[in-house]
Structures are given as C-alpha cells and as structure tokens.
Amino acid sequence: MQEQRLRRLVDRLLAAGGVQGGRLRDCGVERGDDVSLDQLHRLPFLAKEDFWESYPFGMRSAPAEDVVCVHGSSGTAGRQTLVAYTAHDVDVWAHVMARALGGAGVTRRSFVHCSYGYGMFTGGLGVHHGATRLGATVLPASSGATDRQLRLMLDLRPDVLCCTPSYAIYLGEAFAATGITAEQLSLRVGVFGAEPWTEEMRQGVERLLGLRAMNIYGLTEVIGPGVACESLDSGGLLNIAEDHFYPEVVGPDGQPLADGQPGELVFTTLTKTGTPLLRYRTGDVAALHGPAAGSARTLRRMSRVLGRTDDMLIIRGVNVFPSEVEAVLLADPRVAPHYLIVEDRRDRSRPELRIAVEPRDPQGDAEAIERDLTAALHARLGLGCVVRVLPPDHIPRSETGKARRLVRWDYGV
Ligand code: ADP
Ligand code: K
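About the thresholds
- Residues numbered from 1 in each chain as written.
- Chains lettered and ligands numbered in written order.
- Predicted model: local features only at pLDDT ≥ 70, side-chain atom pairs only at ≥ 80, totals over all residues.
- Heavy atoms only, no water.
- Phe/Tyr/Trp six-rings, centres within 6.5 Å; stacked < 30°, edge-to-face > 60°.
- Helix = DSSP H or I, 4+ residues; strand = E, 2+ residues; numbered from the N terminus.
- Lys NZ or Arg CZ within 6 Å of the ring centre and 35° of its normal.
- Contact = heavy atoms within 4.5 Å.
- Domains from an automatic or database assignment.
- Buried area = accessible area lost by both parts, 1.4 Å probe.
- Salt bridge = Lys/Arg side-chain N within 4 Å of Asp/Glu carboxyl O.
- Buried < 20%, exposed > 50% of the residue type's maximum accessible area, 1.4 Å probe, protein only.

Asks: With reference to specific residues and values, describe the packing of aromatic side chains.
Replies: Inspection of every chain in the model, using the stated rule, returns six aromatic pairs. Ring centres of F51 and Y280 lie 5.7 Å apart, and the angle between their planes is 80°; on these two criteria the pair is classed as edge-to-face. In this pair, F51 sits in helix α3 (residues 48-53) while Y280 sits in strand β12 (residues 280-286), placing the two residues 229 residues apart along the sequence. Here the aromatic rings of Y167 and Y170 are separated by 5.8 Å at their centres, their planes lie at 15°, and the arrangement is stacked. A residue pair is termed a helical-turn pair when its members lie 3 or 4 positions apart in one helix, as Y167 and Y170 do in helix α7 (residues 165-177) at three residues. Seen from the ring of W197, R304 lies directly overhead, with NZ or CZ sitting 5.5 Å from the centre. When the ring centre of W409 is taken as origin, the NZ or CZ atom of R346, which lies over that ring, is 3.5 Å away.

If you want it as structure tokens, here you go:
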C-alpha cells in the first residue's frame, strides 16, 4: 500500500511541475511506476529552505480552488512557512489525530480540554479535528488566560488535557498555587507535544496533574500533530502513522541509518494532495524502531525527539542537545521544571554553557544544588558547565505555546 501510494504521489508531483517535479525529472523519473520504496533513498530531499525560497505557495501542488485552509509553522527555526491543505488533507489530518487520541485512551465519552493555541499554529485545530472525528467533546480553550482555564477545568471536569508540556507544567503549578491538589483534578490522560521534552519532564507533569502523559509529534509541513503519537501499548515510543507519512532517518551525509540509530527524521507524505512532500528533511533528531511486540498496532515507531539539528550545541568540541541538559536538571528532585540554557560565545576561544535553574524550595541550599548539578552535567555530558540557582519565578514562563529554553549570547556576529 505504501509503495502504491508513493507512486501516485510521484505522479502528482510530476503533474504539478513545481520544484519537486523538476528534481524528479532531473533524476530520470518520468512516472510514478519508475520509483519503488527500496529505491526511495536515491530520490532527492526537500528542505525547509525550499519552502522559504518558494514562499508563499510554491510547494502547493493542488489548484487554488481545491485549497480549503492554510497553516503556518511557528517559525522556531527561522522564517515563516505556509502550507496549503485540501479537503482531503484535512480529512487525513482528522483521521490520524483521531487515531492518535484513541491510542492514548480518549473515547467518545471523553471531555478534551484543548489548550494548544488555535490559529495558524497546527496544535489547536489538529487536536480539534481529531477529537471531533473521534466523537469526543472538545473545549477549544486555546492558550493563555490561565485563570479562566483553571476555572473551566474545575467546572467542566475534563478527563483529557492537550497542550505543550511546558504549558502543562504552568497549569499544574497554577493549580498548586491555589491549593488544589492533583487528586482533586479530573484529568486522566494528557497528550502533550509541539516541543522537545524528556522522561524527567514527563514524571514532573504526571505528578503535578495526576494524569498519564503521552507524547505526540508532528510538524506543519507534514500535516501538523498526529504524524506520530505514543499509545497506551506502544512501549514508551511513538507509533508513526506510516500509512500516510513514510519515515526515514538519515545521517549528516544524507545516507539512511539503521533502526535504533538516531539521525534526522525525513518524511514522505504518501497521501497529501495540497502540499505533498517527497523526502522532507524535518531537522528533528530521533531513531526509528519496529512495531511494539505483542501490540495490535503494527505501525513502526520512533523515539522521542532528542532535539533539532539546529539546536545542537557544540561547546569545546562536545555535542550537546538541550534535552540532555534537561534530563540531568530534572532528575534532581530539588530542581523546579524551569530552566534556561545560555550558549555563551562572547569569548570565542572558550565558549561556555551557562545554565540557570530554580529551586523547588525557596530555602533550598543553592550552593549545594549548583555544585551537584555541575558534577552531574560533567558526568553525563563530559563538559564543565556554569550552573546558577536563581530565586523562584526568575526564569520566564511560557504561558502561550512553546517554551524558549535556549539563548545564544554572542558578540561580533
Ligand atoms: P516550528 O518548526 O516553527 O516550531 P511547528 O509549529 O510546525 O513549527 O512545530 C513542529 C516542530 O515542533 C517539529 O519539527 C519539532 O521540532 C517540534 N515538535 C513537535 N512535537 C514534538 C515532540 N513531541 N517532541 C519534540 N519536538 C516536537
Ligand atoms: K477553496
């Protein structure tokens, strides 16, 4: 089925005659039947830059009258990208999101509190399409206005919360500040994504909100959330909707890597018609795995995203992803789930990684925490970092959308 879909995708790209059709012709592909899945790695990649260069709609393959909506990536890694969806694409999106939510234990009886932002960002509407397709009830709370969100969650008693992990922490701490405990909340499961987070962050969110936290992954160019999602029986990895999004993982040289080896995720959208993509380089680093043993779900899986290729820090020859730093910080029970990583390149000859954290207990021994975290970071990363414990509430919180946890400090650029 994947191969058939790949061949029809190639036909669509050739017929549309855009950048991707041209590149296919350049490598001798005249029709869909000229390609096969096991030769996919010979076909050209597509990159974020291709979207930017053909802004706004150069990547569109469907006629304008077939387009029903447009979403945009939030621009975390640079310029705005716009993606046109046909009615068929919105249908695929609703389907994969309903599947993702269903796998996480959401049912027709569920009440879903959706605090992903509604707008061009795909988080809010993606969950919305999926929850309505599944037949659950969805409250389109969107992000921000936290006081109102807290009140609605107490009044409407949702069993499902969907938002970014950093906003889940924000909500949990806001409840705790008003004296409401996790046991008093009605939440059973959370479907969190749109930014990198670690196992340590998961434990923090689960404790704060008293729910089971599941990881959902996606990106606007490919469709939005729902490209992959953890399910109750997926063994801690994310099932990929590979009947719609064919995954590959490649190394820095663009060559495919074996299962289990982390590299850059590449997706081919097998069924999209508005903005179909062949071998799109996501910039996200993860590893592929086979299906979970003993699970009825036969889909291949991916690891959690370790980070973005453009977020990888190289400090004095050591490669570090912000998520590795997060794992060390949050493994320490004295540390609150708020931190900021500063890549300090003011002294070119000796770049430093400076890390600001907050203590859980305002009376905590800051010096001891700094000393222990410095040692733990050195043990895990092989790198000496400068750790500072700031007073509570000194690190900016993310009340809307994705947290900003990495700052680059450089002179002379
Ligand atoms: P932007 O790249 O501007 O943030 P999107 O809003 O489309 O654009 O967000 C997609 C990106 O968000 C992904 O490429 C990935 O880097 C990140 N992301 C989404 N879900 C997850 C997740 N579960 N874990 C880690 N990163 C994620
Ligand atoms: K239209």
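Asks: Account for the environment of G130, with residues named and values stated.
Replies: The residue G130 is located in helix α5 (residues 122-134) in this model. Each C-alpha atom, one on G130 and one on K48, is 26 Å from the other, the two residues being 82 residues apart in sequence. When neighbours within four sequence positions are excluded, G130 is seen to be in contact with A94, M97, A98 and L101.

Asks: Tell me about the domain arrangement of the protein chain, and please be specific about residues and values.
Replies: Domain boundaries in the protein chain define domain 1 (85-309) and domain 2 (312-409). Relative to domain 2, the C-alpha centre of domain 1 lies at a distance of 26 Å. Each side of the interface is counted separately: domain 1 has 23 residues, and domain 2 has 18 residues. Across the domain 1 to domain 2 interface the summed buried area is about 1700 Å²; carbon plus sulfur atoms make up 55%.

Asks: Describe unusual backbone geometry, listing the residues and the values that go with them.
Replies: Of the consecutive residues Y55 and P56, the connecting peptide bond is found in the cis state with omega at 0°. Structurally, P56 can be placed in the loop between α3 and β1 (67-72). At S142, a residue that is not glycine, the phi angle is positive and equals roughly 60°. Position of S142 relative to the elements: it lies in the loop between β4 (137-139) and α6 (146-156). A positive phi angle, near 55°, is found at R279, a position not held by glycine. By the secondary structure assignment, R279 is in the loop between β11 (263-269) and β12.

Asks: Describe the pattern of salt bridges, with residues and values.
Replies: Pairing of side chains with opposite charge becomes possible as their charged atoms draw close. Applying the stated criterion across every chain yields a total of 27 salt bridges. For R304, the salt bridge identified is with E199, shortest N-O distance 3.1 Å. Placement of the pair is R304 in the loop between β14 (301-302) and β15 (307-308) and E199 in helix α8 (residues 199-209), with a sequence separation of 105 residues. Notably, a salt bridge pairs E230 with R202, separated by 3.2 Å at the nearest N-O pair. With E230 in strand β8 (residues 224-230) and R202 in helix α8, the pair connects residues that are 28 residues apart, well separated along the chain. This pair shows no difference in class: E230 is buried, exactly as R202 is. Connected through shared salt-bridge partners, E199, R202, E230 and R304 make up one network.

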